[in-house]
Amino acid sequence: MEREVRVRFAPSPTGPLHIGGVRTALYNYLFARQNGGKMILRIEDTDSQRFVPGAEEYINEALAWLGIGIDEGVREGGPYGPYKQSERRDIYREHVRQLLDQGRAYIAFDTPQELEAARAATPNFQYDASTRMGMRNSLSMPREEVDRLIAEGTPYVVRFLIEPGRNVEVNDLIRGRVVIKSDILDDKVLYKSADDLPTYHLANIVDDHLMRVSHVIRGEEWLPSAPLHVLLYEAFGWQDTMPQFVHLPLLLKPDGKGKLSKRDGDRLGFPVFPLLWHDPKSGETSSGYRESGYLPQAVVNFLALLGWNPGDDTEIMSMDELIRKFSFDHCSKSGAKFAYEKGKWFNHNYLQTLSEAELVAAFKPVLEAHGVDLSKYSDEYIGQVAELVKGRANLAADLWDQANFFFEAPDSYDPKAVKKRWSPDTPAQLEEMISIFDTVPDFCGPELEPAVLGWIADKGYHLGNLMNAFRLTVVGACRGPHMFDITRLLGKDEIVKRMRQGIERISCDGPTV
Ligand code: GLU
């Protein structure tokens, strides 16, 4: 019988979720949904030293923003909980005991100083079959001494006993069959008595079994942990439920070589986190895709294609399409360059497809950030403005640069444009234009444009100069959408007010022509 697909995203709450982690979560989600399986969110918080307050909430919020749904987790609950490792101590303790009883693990008392000395004395020191008998552990010391030290409360760790001479086979859906010699592995620490907690290694693997995980889909940097996964499953007698491994390619710097880092984002000006993050310790703030004006659909689409392709050139794909098309067969082994400019391209595309209501929702926070009093504008007005300028925007934030004059009158006039378009006759011609406005029944109706253009033609005025001078008074520069779209939205009073203000200011302090 086919095994039920159960995947897990297992972040450690040690800081904001990195964009690479988001991609891992996304691939897990796509695979789960495609196969009618379950997506588990497991919080791996057994390293109390590295715990960062707020990180778990951040993970939840980021996944929710992106539409990466969770079936079983801390908040969702589920049949194999708790889903937070710090709440599973008893389970791990029991498993550590089982390995000790079976002689598959042993107790070690070496202090950090002793380990340091061993490393200093032996080049490439590794705690393994060749060195363990020279260290202080339950294999090298008499039983009574071990018992005495434990009774005295001496801190100890439990290490996994790795037998040399084994070929450990890891089957990976992207990398194929990978064989690792057990000789190169060290006796990994599985548990620390000092905080009565397991290490990542034990907790991660025990939970994969207990939570019935069918596929371990994670970043390539975890590939070195896979042989331990295999050996521990064997030691516990769980071979038949061994998960299928999938190690995803790294995300690489947009330029040059190596792994994408936060510093690349700072250097090149793009976020490497899904949401804005305030570091509680350093007080440092890191930018996020959401706050930078990206749409979640665009971020999902962009990330999906970093390391996977649908087998053809299709680029724009909704979550549903991604779920249908996703396949590990089309995942690359080599790292994927983080082409952040392409992220903007995706966002531009998605921005064009939003409904007017969605566009308004995306634009409002940007307006607020620029100090616009939203109570003064209807959603209809904001929506119409956004519709007019969205074609030139990549991010919601760009809408402001394209449309600021719909919310505030210009406070300066582009001097180059003034020089080119403004002449001593301009003020009188603009005044005349204002009187033409009075001849049309509805300033915001379709009659205005032919009336103004007809009048300019009749008078033999210079069309380009006059219309641009008109635009200058309203916009402050020679840019923006069609002039009669602007007049329609701003309305007669505001337009006339700006024209008179322009006439006054440009004639007084503008460059003389
Ligand atoms: N807790 C690990 C992390 O932070 C999990 C790695 C895995 O998925 O096995 O990514």
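Data block above holds the structure.
Below you will find a few notes about this structure.

Definitions and cut-offs
Residues numbered from 1 in each chain as written. Predicted model: local features only at pLDDT ≥ 70, side-chain atom pairs only at ≥ 80, totals over all residues. Heavy atoms only, no water. Helix = DSSP H or I, 4+ residues; strand = E, 2+ residues; numbered from the N terminus. Expected span 1.5 Å × (residues − 1). Buried < 20%, exposed > 50% of the residue type's maximum accessible area, 1.4 Å probe, protein only. Axes fitted to C-alpha atoms, helices over the stretch in contact; angles between N-to-C directions. Parallel < 35°, antiparallel > 145°, perpendicular 65-115°, else oblique. Contact = heavy atoms within 4.5 Å. Nonpolar A, V, L, I, M, F, W, Y, C, P; charged D, E, K, R; others polar. Salt bridge = Lys/Arg side-chain N within 4 Å of Asp/Glu carboxyl O. Core = buried A, V, L, I, M, F, W, Y, C linked by side-chain atoms within 4.5 Å. 1 Å grid on protein atoms, 1.4 Å probe; cavity = no way out; pocket = protein on both sides within 12 Å on 5 of 7 lines; lining within 4 Å. Points joined across faces, edges and corners; volume = space filled by probe spheres on them. Near = heavy atom within 4 Å. Polar contact = N/O pair within 3.5 Å; in protein donor to acceptor, adjacent residues only side chain to side chain. Areas by Shrake-Rupley, 256 points an atom, 1.4 Å probe, with all protein chains shown as cover. Sits in = over half its atoms within 2 Å of the grid points. Pairing = 2+ DSSP bridges.

Remarks on helix H18 (residues 463–475)
Along its 13 residues, H18 runs 18 Å from first to last C-alpha, staying within 8% of the 18 Å computed at 1.5 Å per residue. Counting buried positions over the 13 residues of H18 gives 10, a clear majority of the element. Regarding H18, the residues found buried are Leu-466, Met-467, Asn-468, Ala-469, Phe-470, Arg-471, Leu-472, Thr-473, Val-474 and Val-475. Immediately beyond the C-terminal end of H18, within one or two residues, lies Gly-476, with a positive phi of roughly 95°.

Quick look at the packing of helix H12 (residues 356–369) against helix H13 (residues 379–389)
In contact at an axis separation of 9 Å, H12 and H13 are set at 95° when each is read in the N-to-C sense. As judged from the angle between their axes, H12 and H13 are roughly perpendicular. Of H13, the residues touching H12 (which contributes Glu-356, Leu-359, Val-360, Phe-363, Lys-364 and Leu-367) are Asp-379, Glu-380, Ile-382, Gly-383, Gln-384, Val-385, Ala-386 and Glu-387. The residue inventory of the contact of H12 with H13, partitioned by class, reads seven nonpolar, two polar and five charged.

Let's talk about the pattern of salt bridges
A side chain of one charge can pair with a side chain of the opposite charge if their charged atoms are brought near each other. If you walk through the whole model with that rule in mind, you get 38 salt bridges. Between Asp-207 and Arg-88 there is a salt bridge, with the nearest N and O atoms lying 2.9 Å from each other. With Asp-207 in helix H6 (residues 200–210) and Arg-88 in the loop between strand S3 (72–73) and helix H3 (89–101), the pair connects residues that are 119 residues apart, well separated along the chain. Take Arg-88: its relative accessible area is 2%, and that puts it in the buried class. Here Asp-90 ties to Arg-93 by a salt bridge, and the two come within 2.8 Å at their closest N and O atoms.

Regarding the nonpolar core
Counting residues in each nonpolar core, the largest one holds 117 residues, and the members touching the most others are Phe-338, Phe-363, Phe-406, Phe-407, Phe-437, Val-452 and Phe-470. Examining the composition of this core, we find that 10 residues originate from one element, helix H19 (residues 483–509), more than from any other. Core analysis: the next-biggest nonpolar cluster, separate from the first, contains 39 residues, Val-96, Leu-202, Ile-205 and Trp-238 among them.

A closer look at the layout of surface pockets
What the largest pocket holds in volume is close to 1,300 Å³. Along its surface, the largest pocket is lined by 46 residues, and Pro-11, Ser-12, Thr-14, Arg-50 and Trp-222 are the ones closest to its centre. When residues of the lining of the largest pocket are traced back to their parent elements, those giving at least two are strand S1 (6–9), helix H1 (19–34), strand S8 (189–192), strand S9 (197–198), H6 and strand S10 (215–219). Looking at the lining of the largest pocket, the element that brings in the most residues is H1, giving four residues. For the lining of the largest pocket, a count of residues per class yields 20 nonpolar, 14 polar and 12 charged.

Considering the site of the ligand
Looking at the ligand, the residues that line it are Arg-8, Ala-10, Ser-12, Glu-44, Tyr-200, Asn-204, Arg-218 and Trp-222. The side chain of Tyr-200 places a nitrogen or oxygen atom 3.3 Å from an oxygen atom of the ligand. The side chain of Arg-218 places a nitrogen or oxygen atom 2.8 Å from an oxygen atom of the ligand. When the ligand is considered free in solution it has 300 Å² of accessible area, and contact with the protein chains removes 85% of it. If you map the ligand onto the pockets, it falls in the largest pocket. Among the residues forming the shell around the ligand, the class breakdown is three nonpolar, two polar and three charged.

Overview of the sheet that holds strand S5 (residues 157–160)
If you trace the four strands from one edge of the open sheet to the other, you get S4-S5-S8-S9, paired in antiparallel fashion. Since the sheet does not close on itself, it has two edges, and those belong to strand S4 (105–108) and S9, each with one partner. When S4 meets S5, the two strands line up antiparallel, connected through four bridges. Following the sheet pairing, Ile-107 is matched in S5 by Val-158.

Here we look at the packing of H1 against helix H9 (residues 296–304)
It is the contact of H1 with H9, at a shortest axis distance of 10 Å, that shows an interaxial angle of 85°. Classed by the angle they form, the pair H1 and H9 counts as roughly perpendicular. Residue-level inspection shows Ile-19, Val-22, Arg-23, Leu-26 and Tyr-27 of H1 in contact with H9, the latter providing Val-300, Leu-303 and Ala-304.

Digging into the pairing of strand S2 (residues 38–41)
As defined by bridge partners, S1 adjoins S2 across four bridges and the pair is classed as parallel. Paired with Arg-6 across the bridge in S2 is Lys-38. Two elements, S2 and S3, share two bridges in a ladder whose sense is parallel. The residue bridging Leu-41 from the neighbouring strand is Gly-73, located in S3.

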